[in-house]
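Examination of the molecular architecture
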Amino acid sequence: MIDFDANAVVHINESLSAEQIHDIEKELSDVRGVVSACAHIKTPHLLVVDYDPQAIHSSDLLYHIERNGVHASLVGGI
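Residues numbered from 1 in each chain as written. Predicted model: local features only at pLDDT ≥ 70, side-chain atom pairs only at ≥ 80, totals over all residues. Heavy atoms only, no water.

What follows is about the nonpolar core. If you look at the biggest cluster of nonpolar residues, it comprises 20 residues, and the most contacted ones within it are Ile24, Leu47, Val49, Tyr51 and Ile65. Those elements that place two or more of their residues in this core are β1 (6-12), α1 (18-29), β2 (34-40), β3 (43-51) and α2 (58-66). Excluding residues that lie within four positions of it along the chain, tyrosine 51 makes contacts with Phe4, Asp5, Ala6, Asn7, Ala8, Gly33, Val34, Val35, Ile56, Ser58 and Leu61. (Core = buried A, V, L, I, M, F, W, Y, C linked by side-chain atoms within 4.5 Å. Buried < 20%, exposed > 50% of the residue type's maximum accessible area, 1.4 Å probe, protein only. Helix = DSSP H or I, 4+ residues; strand = E, 2+ residues; numbered from the N terminus. Contact = heavy atoms within 4.5 Å.)

Below is the structure:
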């Protein structure tokens, strides 16, 4: 059960295919403390991540994206 909830927007620098975006969403969703990760079809370079800040830090979200060779930056929370 998640007691605390935060949202972060992550900007992905590369132009990725829908399949690559889906793979990132799936990988992040499997990370402990992440509730969901999704990008809208019209803005695939922006990923919204819903997470528990007591279980994972926002910088760790970037780690999980960038370890696959994708460059990303934390834009901010919502």
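Under the counting rule described, the total for this entry stands at two salt bridges. The closest approach of N and O atoms between aspartate 30 and lysine 26, which form a salt bridge, is 3.1 Å. Taking the shortest distance from any N to any O, the salt bridge between arginine 67 and glutamate 27 comes out at 3.0 Å. Remark: glutamate 27 occurs in helix α1 and arginine 67 occurs in the loop between α2 and β4 (72-77); sequence separation between them is 40 residues. (Salt bridge = Lys/Arg side-chain N within 4 Å of Asp/Glu carboxyl O.)

In terms of strand pairing, β2 meets β3 through six bridges, oriented antiparallel. Bridge assignment links alanine 39 to a residue of β3, and that residue is leucine 47. Here β2 folds back onto β3 in antiparallel fashion, the turn holding two residues. (Pairing = 2+ DSSP bridges.)

What follows is about the side chain of aspartate 50. Topologically, aspartate 50 is positioned in strand β3. For the buried residue aspartate 50, which engages in no salt bridge, the nearest side chain bearing the opposite charge is arginine 32, 15 Å off. Apart from residues no more than four positions distant in its own chain, aspartate 50 is found in contact with Asp5, Ala6, Asn7, Val34, Val35 and Ser36. (Lys, Arg positive; Asp, Glu negative; His and termini not counted.)

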